[in-house]
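Structural features, examined
Given next are the chains, with one letter for each unit.
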Amino acid sequence: MNINGALEVLDRMRLSNGAYTASLSEDYNYVWVRDVVYTVLPFLTDSSNRYMNAYHALFDIFRMYEWKIDIHTEKKPQYLFEYIHARYSTDLKELPVEWGHAQNDSIGAFLWGVGEGYRNGQKVIRDEHDLEIVQKLVDYLECLQYWQAGDNGMWEENIEIHASSIGACVAGLTSVKMLVTVKEELIKKGEEALRFLLPRESYTKETDLALLSLIYPYRLVDRNTALKILENVTNRLERTYGCIRYEKDLYYNEGQEAEWCFGLPWIGLCYLELGMVNKAMDYIDKTKKIIPLNWEVPELYIGGRDVPNGNTPLAWSVSLSYLFLEKTNMMQNEKIK
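What you see is a predicted model, and the numbers here were worked out from it, not measured in a lab. (Residues numbered from 1 in each chain as written. Predicted model: local features only at pLDDT ≥ 70, side-chain atom pairs only at ≥ 80, totals over all residues. Heavy atoms only, no water.)

This brings us to the side chain of Ser319. Along the chain, the position of Ser319 falls in helix α12 (residues 315-336). Take Ser319: its relative accessible area is 0%, and that puts it in the buried class. Within the local environment of Ser319, its side chain forms a polar contact with the backbone oxygen of Thr39, the two atoms lying 3.4 Å apart. When residues no more than four places from it in sequence are discounted, the contact partners of Ser319 are Leu10, Tyr38, Thr39 and Pro42. (Helix = DSSP H or I, 4+ residues; strand = E, 2+ residues; numbered from the N terminus. Buried < 20%, exposed > 50% of the residue type's maximum accessible area, 1.4 Å probe, protein only. Polar contact = N/O pair within 3.5 Å; in protein donor to acceptor, adjacent residues only side chain to side chain. Contact = heavy atoms within 4.5 Å.)

Spelled out as structure tokens, the structure:
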């Protein structure tokens, strides 16, 4: 399998402004902050400008709506449209439609990516104004009291307190605390909330695919918690074509829960984080089975029908599949040497 085909697909999804469209389908032809963060992970340590330019595009969004951030560093949003939006048009503008924009994890993910990029030599910070934006986003999370705030979560659904959202914020705040001022108490409150919630995702969900983010890429939880999360996900959510997001998920459910393709490589990446190479290797063939020859990895397979939905390719699916296979290829090549 030519894994570089993944990079060709991702390049087709890269916009002239540096951001990425979530999918080439008409339904998903939008820019999600969180999707961009995951999409550019393959470029974190390379010499191309893809990672840097993607973050510059996201910074441009936050600069455009800085007036909104200013309001909500002092006053909590009351309505969903008042939150920093999670989804934008391909020209990086807000969309005037109702949406579950209370997604604290997307802000945490962005902050994490800024700090991680900076530490890896990516010129994600252009000037003092970008640093001011980072500081204001930290203040925004404090105003929201993210550690006890219900939000729409990674899947943009019902508002409740999500461990994955709190974790993303903790990871983001920790990542930028050398770049801007982050009160230590702000991080500790999130860590305390996680100790209470984990390994559950929320009051209504004992486990959830989103919890994998606390292992990879955030490396936030201790080993025992990570193992428990993986045990729950692999035993209860793993399926043939991917993982269901959570039990009784209704999205693309036609008799069964939809199977999300990026779940399989994501599990593999989590096992690699834990040094469990043999367990990770079990997911190489599983991942290859959901990758078409043209590398247009779907969002999901429709539950009960075993056919992909129209959001094909999904940038996030392509990215995680490439990352996992590239890392395992490198490990296998090192063994041969």
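And the narrative resumes.
Evaluation of the coordinates by the stated rule reveals 24 aromatic pairs. Three or more aromatic residues joined by ring pairs make a cluster, and in this case those are Tyr38, Trp155, Tyr251, Tyr252, Trp260, Phe262, Trp266 and Trp316. Over the face of the ring belonging to Tyr246 we find Lys205, whose NZ or CZ atom lies 4.5 Å from the ring centre. (Phe/Tyr/Trp six-rings, centres within 6.5 Å; stacked < 30°, edge-to-face > 60°. Lys NZ or Arg CZ within 6 Å of the ring centre and 35° of its normal.)

Turning our eyes to something else, we now look at unusual backbone geometry. For residues other than glycine, phi is negative in most cases, and the peptide bonds are mostly trans. Cis geometry is found at the peptide bond from Tyr216 to Pro217, where omega equals 15°. Here the amide bond leading from Thr312 into Pro313 is cis, since omega sits at -5°, within 30 degrees of zero. Within the secondary structure, Pro313 sits in the loop between β4 (300-301) and α12. Of note in this structure, Leu92 is not a glycine but carries a positive phi near 65°. Of note, Leu92 is situated in the loop between β2 (87-88) and α5 (104-119). Of note, Lys248 is a non-glycine position whose phi angle comes to about 70°, a positive value. In this fold, Lys248 is placed in the loop between α9 (223-236) and β3 (259-260).

This next bit is on the side chain of Arg87. One can find Arg87 in strand β2. One buried charge, Arg87, has no salt-bridge partner; the nearest side chain with opposite charge is Glu156, at 6.4 Å. Apart from residues lying up to four places away in sequence, Arg87 is in contact with Tyr30, Val31, Trp32, Leu95, Val97, Trp99 and His101. (Lys, Arg positive; Asp, Glu negative; His and termini not counted. Salt bridge = Lys/Arg side-chain N within 4 Å of Asp/Glu carboxyl O.)

So, on to the nonpolar core. Residues Phe62, Phe110, Leu111, Trp266 and Trp295 are the most contacted members of the largest nonpolar core, which totals 118 residues. Discounting residues that sit within four places of it in the chain, Trp295 has contacts with Met1, Asn2, Ile3, Gly5, Ala6, Val9, Val318, Ser321, Tyr322 and Leu325. (Core = buried A, V, L, I, M, F, W, Y, C linked by side-chain atoms within 4.5 Å.)

So, on to the pattern of salt bridges. With the rule as written, the count across this model stands at 25 salt bridges. Between Arg63 and Asp127 there is a salt bridge whose closest N-O contact spans 2.7 Å. Separated by 64 residues along the polypeptide, Arg63 in helix α3 (residues 50-64) and Asp127 in the loop between α5 and α6 (128-144) bring together distant segments of the chain. Given the relative accessible area of 34%, Asp127 is considered partly exposed. Between Lys205 and Glu160 there is a salt bridge, with its nearest N and O atoms 3.4 Å apart.

Along the polypeptide, Tyr118 turns up in helix α5. Residues Tyr118 and Val176, 58 residues apart in the sequence, show an inter-C-alpha distance of 9.2 Å. Sequence-distant contacts of Tyr118, that is, excluding residues within four places in its chain, are made with Val124, Ile125 and Leu179.

Of note, Val134 is situated in helix α6. Overall, the relative accessible area of 0% leaves Val134 in the buried class. It is 37 Å that separates the C-alpha atoms of Val134 and Ile290, two residues lying 156 residues apart in sequence.

Take the packing of α3 against α6 next. Axis angle and axis distance: for two packed helices, these are the angle between their axes and the distance between the axes, and together they describe the pair. Where α3 contacts α6, the axes come no closer than 10 Å and their chain directions differ by 70°. When the interaxial angle is binned, α3 and α6 end up roughly perpendicular. For the pair α3 and α6, contact is made by Phe59, Phe62 and Arg63 and by His129, Asp130, Ile133, Val134 and Leu137, respectively. In terms of residue class, the contact of α3 with α6 is built from 5 nonpolar, 1 polar and 2 charged. (Axes fitted to C-alpha atoms, helices over the stretch in contact; angles between N-to-C directions. Parallel < 35°, antiparallel > 145°, perpendicular 65-115°, else oblique. Nonpolar A, V, L, I, M, F, W, Y, C, P; charged D, E, K, R; others polar.)

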